[in-house]
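Listed here are the chains, written in short residue letters.
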Amino acid sequence: MKRSTLIILKTLVWIGCLLPAANLVWRAVNNNLGPDPTAEIQNVTGLSALWMLTATLAISPLRALLPKYLNWLIKFRRLIGLFVFFYGSLHMLTWLGLYAGFDLGTIRTDITERRFIIAGMATYLALLPLALTSTTWSIRKLGGKNWSRLHALIYVAAITAAIHYWWKVKTGVLTPAPYTLVILLLLLARPVLAWRKRRKAQTVPV
Amino acid sequence: MLIGKPPDIPSSQITSRDAYFNYLSRRRFLKGVAATGAAALGAERLAELVSPRAALAGTKLQTVSSPLTTTGEQLTSFEDITHYNNFYEFGVDKGDPAKNAGGLPTRPWAVKVDGLVQKPLTFDIDDLLKLHPLENRTYRHRCVEAWSMVIPWVGYSLSELIKQCQPLSTAKYVQFHSYFNWHVEKWATEDATIMWPYSEGLRMDEAMNPLTLLTFGLYGETLPNQDGAPVRIVVPWKYGFKSAKSIVEMKFVAKQPDTTWNDQAPNEYGFYSNVNPNVDHPRWSQKTERRIGLPFYEQRRTTLMFNGYGDQVASMYAGMDLKKYY
């Protein structure tokens, strides 16, 4: 890929990832966040984090499927991953500020007694070290293998995020189903694609 | 379609039939055929042809004031009351019912009253509307999800209807069933796994409490479909899901009836579900609530015991452990 194309594409991904946040700010300034602004902020930040997380998980399988054409996707994974952390942070801040009112008692009860909040916190704690070690310097310092092992935490985050979502909605409500299915598909794609790769390697004529 | 005749109503309490139909035909005319310019045609009939189901949506109701109305609160806007709804038969997103409830056939509509009553009656909706003068009753509305509104309902005390049916002394509870038709409400089974039709219930004294409202309208007009047209229950001291929408049956029973959300998750939604800031929902605190329609930094407010209606209802629960019977 040409350097100029890459710069243009990166700019577009930046803009795309910033859109949900920009849209929220714009609507907040114009007092146009709908009937329940607090819930709207919470939903938009949470769903943005979820779908960007699925986007980062899609990159490896897509590259494995079409290595000739989609190898360049890897250049966007860190960028999108950091946006997952960005929206996750906004999501958590919304809970702390607009739901718990920064009240330590409320926060403590939420963290100790509400399982959907525990699952949400687990997701955030899994994402935190990934964001902190996202620099090239960290990769070098940790060594590729250790770094990869640490970053397998993204699978934990994807699953605890799904659990968080299911525990948040009412029993019997199926809204988290699409996200869950996509996540399961992307997680299952990994062993399947690895197996395919092994088989191909074995059948290479000597 | 009145089967069995309730006692006569003083004519003074009935909206003049002529005035009512004059008003209706004007309304229908404007709504249905304004653009066609077909003024010469019978407007009422034509509107029926154009939109037979929705013909009565948004009809102005003749109302009187009531001492039971809540004062000193800023009303939630009509827009928000009609576009932020939990009506899962029409989808689980708050905006879904406004989009999907158009097909709810609100005419003809009958409410069947049966079970342990002297007089099992079936009321046509138009007879129910005339059973008692319609009152303006503004109530706070507190959802179990910790948001709240202030809604100017139109209706009369449910007790007026119950008195007509003369429940037996063995009747201890009333069960309400909402309309359910899989063809009209396909979202009910697509978006959720819930046993339909929606069922709710009240203890007899709760149903007879003057605050419990048989509700036909809001903001002076007939209920929009997404708010439970053509007739619903409103119980202002309980979480919103206790107030069944679009009811087609009222059944008097001896034992505490099965109710939809209590069946679905008994640890989260008790049969009583009185608004109570001291009993948390397992997933969130009920101490505070978010008022709908305000900027995000002004939404949060303290939740009141019995949603602020303790003076009228607390005595019904004297001696009961409300942490146990949540």
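The following paragraphs examine the structure supplied in this document. Quick caveat, the model's predicted, so the values are computed rather than measured.

**Observations regarding the overall build of chain B**
Within chain B one finds 10 helices and 13 strands. Counting all 326 residues of chain B, 44% fall into the buried class. The long-range share in chain B, meaning contacts at least 24 apart out of those at least 6 apart in sequence, stands at 71%.

**So, the interface of chain B and chain A**
With 21 residues of chain B at the interface, the matching set in chain A holds 20 residues. For the side of chain B that touches chain A, the per-class residue count stands at 10 nonpolar, six polar and five charged.

**Concerning helix H2 (residues 37–65) of chain A**
Every α-helical turn comprises 3.6 residues, leaving residues that sit three or four positions apart pointing alike. Here H2 of chain A spans 42 Å end to end across 29 residues, near enough to the 42 Å set by a 1.5 Å rise per residue. Of all the bends in H2 of chain A, the largest measures some 30 degrees and sits at Ala58 of chain A, one to four residues before the proline Pro61 of chain A.

**Some details on the sheet that holds strand E2 (residues 110–115) of chain B**
All names here are of chain B. Across the sheet, five strands lie side by side as E3-E2-E11-E6-E7; this open sheet has mixed pairing. The open sheet has two edge strands with one neighbour each: strand E3 (121–124) and strand E7 (199–203). When the angles between neighbouring strand axes are averaged without regard to direction, this sheet yields 15 degrees. Pairing of strand E6 (residues 173–178) with strand E11 (residues 247–253) involves six bridges; the strand directions are antiparallel. Note on E11: the bridge partner recorded for Gln175 is Lys251.

**Overview of the packing of helix H1 (residues 3–29) of chain A against H2 of chain A**
All names here are of chain A. Look at H1 against H2: their axes get within 10 Å of each other, and the N-to-C directions meet at 180 degrees. Looking at the two axes, H1 sits roughly antiparallel to H2. Packed against H1, whose contacting residues are Cys17, Pro20 and Leu24, the element H2 presents Ile41, Val44, Ser48 and Met52 at the interface. For the contact of H1 with H2, the residue count by class is six nonpolar, one polar and no charged.

Quick notes on the rules
Residues numbered from 1 in each chain as written. Chains lettered and ligands numbered in written order. Predicted model: local features only at pLDDT ≥ 70, side-chain atom pairs only at ≥ 80, totals over all residues. Helix = DSSP H or I, 4+ residues; strand = E, 2+ residues; numbered from the N terminus. Buried ≥ 20, exposed ≤ 12 C-beta atoms within 10 Å, placed from the backbone. Contact = placed C-beta atoms within 7 Å. Nonpolar A, V, L, I, M, F, W, Y, C, P; charged D, E, K, R; others polar. Expected span 1.5 Å × (residues − 1). Bend = angle between axes of the 7 residues up to and from the residue. Pairing = 2+ DSSP bridges. Axes fitted to C-alpha atoms, helices over the stretch in contact; angles between N-to-C directions. Parallel < 35°, antiparallel > 145°, perpendicular 65-115°, else oblique.

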